[in-house]
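Each chain, written out:
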There are 2 protein chains.
Amino acid sequence: MINNKFGSVDHFLSENNLPFEDFFRFGLSVDCVIFGYHHGTLKVLLIQRGADPFKYQWAIPGDLVSPEEDLDSSAERILQHLTGLKDIYVEQFHTFGQRDRHPAGRVVTVGYFALVESEKYQPVASHWASDIGWFDIRNIPPLAFDHDDILAKGIEFLRKKVRTEPVVFNLLPPKFTLLDIQGLYEALLLEKFDKPNFRKKILSTGVLVPLDEVQTNVAHRPAKLFRFDQERYDTLKGNTINFEL
Amino acid sequence: MINNKFGSVDHFLSENNLPFEDFFRFGLSVDCVIFGYHHGTLKVLLIQRGADPFKYQWAIPGDLVSPEEDLDSSAERILQHLTGLKDIYVEQFHTFGQRDRHPAGRVVTVGYFALVESEKYQPVASHWASDIGWFDIRNIPPLAFDHDDILAKGIEFLRKKVRTEPVVFNLLPPKFTLLDIQGLYEALLLEKFDKPNFRKKILSTGVLVPLDEVQTNVAHRPAKLFRFDQERYDTLKGNTINFEL
DNA sequence: TTTCTTAAAGTAAAAAGTACTATAACCAAA
DNA sequence: TTTGGTTATAGTACTTTTTACTTTAAGAAA
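Every chain is numbered independently, its residues counted from 1 as its sequence is written. As a convention, the first chain written is A and the first ligand written is 1, with the rest following in written order. Totals for whole chains, interfaces and linings use every residue, but because this is a predicted model, local features are given only for residues with pLDDT of at least 70 and side-chain atom pairs only at 80 or more, for both listing and counting. Here the side-chain values reflect all heavy atoms present in the structure, with hydrogen atoms and water set aside.

### A few points about the protein's contact with DNA strand D
Moving on, step 1. A molecule or strand has a residue near it when one of that residue's heavy atoms lies within 4 Å. As a matter of local geometry, DNA strand D sits amid 19 residues, with A:Leu179, A:Lys195, A:Arg199, A:Lys224 and B:Asn197 nearest to it.
Moving on, step 2. Counting only the atoms of DNA strand D within 4 Å of the protein, the fraction contributed by sugar and phosphate is 58%.
Moving on, step 3. We define a polar contact as two N or O atoms separated by no more than 3.5 Å, with the added condition that, inside protein, one atom must be a possible hydrogen donor and the other a possible acceptor, whereas residues neighbouring each other in sequence contribute only through side-chain atom pairs. One of the side-chain N or O atoms of A:Lys200 is found 3.2 Å from a base oxygen in DNA strand D.
Moving on, step 4. Take B:Lys200: an N or O atom from its side chain is 3.4 Å from a base nitrogen of DNA strand D.
Moving on, step 5. Going along the chain from the N terminus, every DSSP run of H or I of four or more residues is numbered as a helix, and every run of E of two or more is numbered as a strand. Elements represented by at least two residues in the surface near DNA strand D include exactly α4 (195-204) of chain A together with α4 (195-204) of chain B.

Now the structure itself:
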């Protein structure tokens with residue numbers, strides 16, 4: 001136990017001879033793995049770095065956390081700044097703190113993932129990134145820093161998440177067909193499903209409501225449109241719905 | 001983009017007028033939610049603080065991360081120091097970064113959880129904590145800082161984890177009965193299971209091997225002992241075993 | 001030997017999952 | 001207007017899994 005200008009903080013590191021101030025020299029950043037779904041492929045939003053280190057290399061968008069902001073607020077700020085969208089689905093998934101992960105010093109980064117309805121948003125390069133774009137998750141270029149690890153963990157996390165919670169609907173427009181959902185599941189889990197059985201399963205969860213609308217401008221029988229019923233899900237939550245396929 | 005003694009780091013906070021150094025004044029800590037299973041109840045290891053703030057209040061054991069160590073190493077160090085045990089099951093689950101969570105300044109904490117075979121270990125109070133002990137998860141005292149949140153999230157995480165991965169065996173001795181596992185599941189998930197069906201389900205996962213041994217010193221027919229087969233699990237991993245009950 | 005507790009196997013009905021087939025709706029080109 | 005191609009959607013037969021029980025028997029202790 002040490003008492004000084006930082007107040008008193010437990011730690012049993014007092015044994016080693018680092019000055020106490022050195023324990024308060026961490027940099028903290030937030031990186032956001034942003035997912036979007038486009039015509040049957042699941043994509044991630046990446047930026048191309050405009051300066052060293054890793055100049056011109058692709059990276060997961062992120063920023064330093066300000067000493068004055070909460071961690072979650074920081075993630076929201078980055079997303080807002082990057083996409084201009086509000087009320088995006090965001091969730092923290094893992095923190096990366098390898099000693100040597102950042103050449104500029106000791107920077108620990110907290111990984112968040114976000115799900116955006118990509119129709120709503122076309123990315124534009126801005127002053128802090130030379131380029132920006134969507135990449136198919138099956139074809140990602142080498143990334144800066146330890147961002148390969150971060151991305152891999154983010155995808156892994158989403159794949160697990162999808163089994164127990166209805167998060168996929170955040171990637172779709174408010175009205176969608178059953179085949180849209182199936183395509184999204186197939187793009188994410190990289191496997192094919194039987195159509196009749198898929199629709200039975202997904203309808204049996206009871207959280208989809210059919211609308212009195214069908215597709216338009218299609219060269220075949222138009223599919224019925226559905227929407228996700230959040231309230232229905234909240235009431236059913238107790239009896240663990242299984243979204244596993 | 002800013003270049004200075006910290007090297008160059010992306011950030012679009014340059015708009016506000018905080019000196020850049022202020023972005024490198026975070027403290028980082030690790031808190032470990034340590035689970036143990038004792039005679040039908042699931043317990044958590046807590047320490048009683050020996051000094052202000054929150055003097056004499058119970059808390060989740062943790063420590064500041066040294067500038068020279070990796071995040072994961074820090075968690076291992078704390079566990080080693082606290083329990084004297086090596087090769088404990090440890091995993092990161094969430095990072096807590098509310099601006100005002102620590103009165104001593106801006107300290108962000110990374111939550112880890114650990115599973116220990118509690119037979120092996122009886123806690124002893126040491127110089128840095130006035131007391132230490134196991135608490136039933138159904139009866140936890142008010143905790144220091146935001147540790148109530150951390151504990152709640154840790155328990156939640158374990159409950160989810162248990163559905164898809166065979167982590168419970170880390171809480172049991174190497175040889176155990178089927179009823180031991182059932183008791184553990186019941187203590188964790190707070191529900192009762194039908195015995196014959198439970199054993200069918202747990203055996204159907206194929207990762208338990210029966211031993212040629214039975215219980216001793218029991219006042220009834222002794223149960224057969226089993227062990228968890230890690231290798232078998234690794235080979236079956238591909239075909240997602242379901243540990244859901 | 002009897003009694004008590006618990007392990008462990010069995011069983012029958014219901015539910016869920018799987019792999020299909022069949023039908024009907026719709027568009028577009030002939 | 002007809003016809004062919006495509007896709008939504010319903011249905012069906014079969015297998016497997018789950019669920020809620022009952023039964024049997026193995027040990028320990030009185």
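Further notes follow.
### Details of the protein's contact with DNA strand C
Moving on, step 1. Taken together, the neighbourhood of DNA strand C is formed by 19 residues, with A:Asn197, A:Pro222, B:Lys195, B:Arg199 and B:Lys200 sitting nearest.
Moving on, step 2. The side chain of B:Arg199 places a nitrogen or oxygen atom 2.5 Å from a phosphate oxygen of DNA strand C.
Moving on, step 3. Between DNA strand C and the protein, one listed contact pairs a phosphate oxygen with a backbone N or O atom of B:Lys224 at 3.4 Å.
Moving on, step 4. Here the term charged refers only to Asp, Glu, Lys and Arg, the term nonpolar to Ala, Val, Leu, Ile, Met, Phe, Trp, Tyr, Cys and Pro, and the term polar to all other amino acids, Gly among them. Here the surface near DNA strand C is built from residues that sort into 7 nonpolar, 3 polar and 9 charged.

### Some details on the packing of helix α2 (residues 147-164) of chain A against helix α3 (residues 178-189) of chain A
All names here are of chain A.
Moving on, step 1. Simply put, an axis is a line fit to the C-alpha atoms, just over the touching stretch for a helix, and the angle between two N-to-C directions goes from 0 to 180 degrees. α3 packs onto α2 with a crossing angle of 140° between their chain directions and a minimal axis gap of 10 Å. Considering the angle they form, α2 stands oblique to α3. Taken as a pair, α2 and α3 cross one another with a handedness that is left-handed. Every residue of α3 that contacts α2 at Leu158, Arg159 and Val162 is listed here: Tyr185, Leu188 and Leu189.
Moving on, step 2. Considered class by class, the residues forming the contact of α2 with α3 number 5 nonpolar, no polar and 1 charged. Note on terminology: angles under 35 degrees are roughly parallel, angles over 145 are roughly antiparallel, angles of 65 to 115 are roughly perpendicular, and the others are oblique. In this scheme the handedness of a crossing depends on how the near helix is turned from the far one: anticlockwise by less than a right angle means left-handed, clockwise means right-handed. We call two residues in contact when some of their heavy atoms are within 4.5 Å.

### Let's talk about the domain arrangement of chain A
All names here are of chain A.
Moving on, step 1. Where a domain begins and ends is set by an automatic assignment or by a domain database. Taken domain by domain, chain A comprises domain 1 (2-164) and domain 2 (174-236).
Moving on, step 2. The partner domain 2 presents 10 residues to the 11 residues of domain 1 that form the contact.
Moving on, step 3. When two components associate, each loses some accessible surface as probed by a 1.4 Å sphere; the sum of these losses over both components is called the buried area. Here domain 1 meets domain 2 over a buried area of about 820 Å², counting both sides, of which 71% is carbon and sulfur.
Moving on, step 4. If you sort the residues of domain 1 by the area they bury against domain 2, Tyr37, Arg159 and Val162 come out on top, with a joint share of 57%.
Moving on, step 5. The term salt bridge refers to a side-chain nitrogen of Lys or Arg lying within 4 Å of a carboxyl oxygen of Asp or Glu. Applying the counting rule to domain 1 against domain 2 returns 0 salt bridges.
Moving on, step 6. In this assembly, domain 1 and domain 2 are joined by 2 residue pairs in polar contact (both at pLDDT 80 or more).
Moving on, step 7. Of all the secondary structure elements, the ones that give two or more residues to the side of domain 1 that touches domain 2 are β4 (41-49) and α2.

### Some points on the pattern of salt bridges
Moving on, step 1. Tallied over the full model, the rule gives 18 salt bridges over all chains.
Moving on, step 2. Notably, a salt bridge pairs A:Asp136 with A:Arg138, separated by 2.8 Å at the nearest N-O pair.
Moving on, step 3. Think of it in three bands: with a 1.4 Å probe and only protein chains considered, a residue is buried below 20% of the maximum accessible area for its type, exposed above 50%, and partly exposed in between. Using a relative accessible area of 19% as the deciding quantity, one classes A:Asp136 as buried.
Moving on, step 4. Between B:Lys161 and B:Glu165 there is a salt bridge, and its shortest N-O distance comes to 3.5 Å.

### Topic: the side chain of B:Asp70
Moving on, step 1. Structurally, B:Asp70 is set in the loop between β6 (62-64) and α1 (71-83).
Moving on, step 2. No salt bridge is formed by the buried B:Asp70, whose closest oppositely charged neighbour, A:Arg106, lies at an N-O distance of 5.0 Å.
Moving on, step 3. In contact with B:Asp70, not counting residues within four places along its chain, are A:Gly97, A:Gln98, A:Arg99 and A:Arg106. Charged-residue counts in this description rest on Lys and Arg as positive and Asp and Glu as negative, His and the chain ends being excluded.

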